[in-house]
Amino acid sequence: MSKATKRKHVVKEVLEDYVTPTKDQDIMRVLGSNGNNLHEAVTGSGERFLVSMPTKFRKNIWIKRGDFVIVDPIKEGGKVKGEISFILYRDHIQNLRKLGVWPEGFQEDRTSSERNEGTPKERSERKTEEEEGDSESEDDYSDLFVNTNRATVLYSESEEETDEGDDNEEEGEDEGRA
């Protein structure tokens, strides 16, 4: 089988098949990649360990921080205690929640599209701010893509201080030229 044909079948299997985990399998969230096709993952109960990506997924399917996977346990594993058997996407997660199979530890977690939209309370607060006219269209970044591969960093806003300093420097340059 050629690489292209293999890739086509693997992608079709991952995107179209709806799989429910067996008694031995766990649903886990990926915390990050440790390299060499090893990923650190956490169970719904909070247990963290390494899982490996099987060769059929390598260079065909990519996973990132925050994605959910179904993992087969490796009983004789030392550091690596599981192997990824299926990668869950938004449709799969919704199906598992409807079936009642979704772990309690991940109930409050949301998919990336839900993270972009925010909670219903956050959305209603945004709507009231827009109606009042307090928010400027330039500062509204709510529709931007959220990169789950990067840790979130909060910056303090201090534009007034930097703007005043820039104005003073420009005035000094203009006086020197005249």
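About the cut-offs
Residues numbered from 1 in each chain as written. Predicted model: local features only at pLDDT ≥ 70, side-chain atom pairs only at ≥ 80, totals over all residues. Heavy atoms only, no water. Phe/Tyr/Trp six-rings, centres within 6.5 Å; stacked < 30°, edge-to-face > 60°. Helix = DSSP H or I, 4+ residues; strand = E, 2+ residues; numbered from the N terminus. Buried < 20%, exposed > 50% of the residue type's maximum accessible area, 1.4 Å probe, protein only. pLDDT = per-residue confidence, 0-100. Contact = heavy atoms within 4.5 Å. Salt bridge = Lys/Arg side-chain N within 4 Å of Asp/Glu carboxyl O. Polar contact = N/O pair within 3.5 Å; in protein donor to acceptor, adjacent residues only side chain to side chain.

Q: What should I look at first to understand the packing of aromatic side chains in this one?
A: The way to describe two aromatic rings as a pair is by their centre distance and the angle between their planes. With the rule as written, the count across this model stands at three aromatic pairs. Each ring, one from Phe68 and one from Phe106, has its centre 5.1 Å from the other, and the planes form 70°; the classification is edge-to-face. Of this pair, Phe68 sits in strand E4 (residues 68–73) while Phe106 sits in the loop between helix H2 (90–99) and helix H3 (112–117), placing them 38 residues apart in sequence. In this pair, the class of Phe68 matches that of Phe106, namely buried. Each ring, one from Trp102 and one from Phe106, has its centre 6.2 Å from the other, and the planes form 50°; the classification is tilted. Among the aromatic residues, those joined into a ring-pair cluster are Phe68, Trp102 and Phe106.

Q: Please clarify how the confidence of the model for the protein chain should be interpreted in this entry.
A: Parts of the prediction with low pLDDT should not have their coordinates interpreted in detail. Mean pLDDT over the protein chain: 76, with 66% of residues reaching 70 or higher. Counted against residues more than four places away or in other chains, residues 111–119, with its pLDDT under 50, gives 18 contacts.

Q: What am I meant to see in the pattern of salt bridges here?
A: Oppositely charged side chains are able to pair whenever their charged atoms sit close together. The final tally for this structure, using the stated rule, is two salt bridges. Across the pair Glu40 and Arg48 runs a salt bridge whose closest N-O atoms are separated by 2.7 Å. Where Lys64 meets Asp67, a salt bridge forms, and the shortest distance between an N and an O atom there is 3.9 Å. For Lys64, a relative accessible area of 32% corresponds to the partly exposed category. A residue is classified by how much of its surface remains accessible, and Asp67, at 15% relative accessible area, is buried.

Q: Honestly, the side chain of Gln25 in this entry has me stumped. Any pointers?
A: Among the structural elements, Gln25 can be located in the loop between helix H1 (3–16) and strand E1 (26–35). The class of Gln25 is buried, set by a relative accessible area of 15%. Reaching out from Gln25, the side chain makes a polar contact with the backbone nitrogen of Thr22 at a distance of 3.1 Å. Within the structure, the side chain of Gln25 is placed 3.4 Å from the side chain of Ser85, a separation counted as a polar contact. Not counting residues up to four positions away in its chain, the partners in contact with Gln25 are Thr20, Ile70, Val71, Asp72, Pro73 and Ser85.

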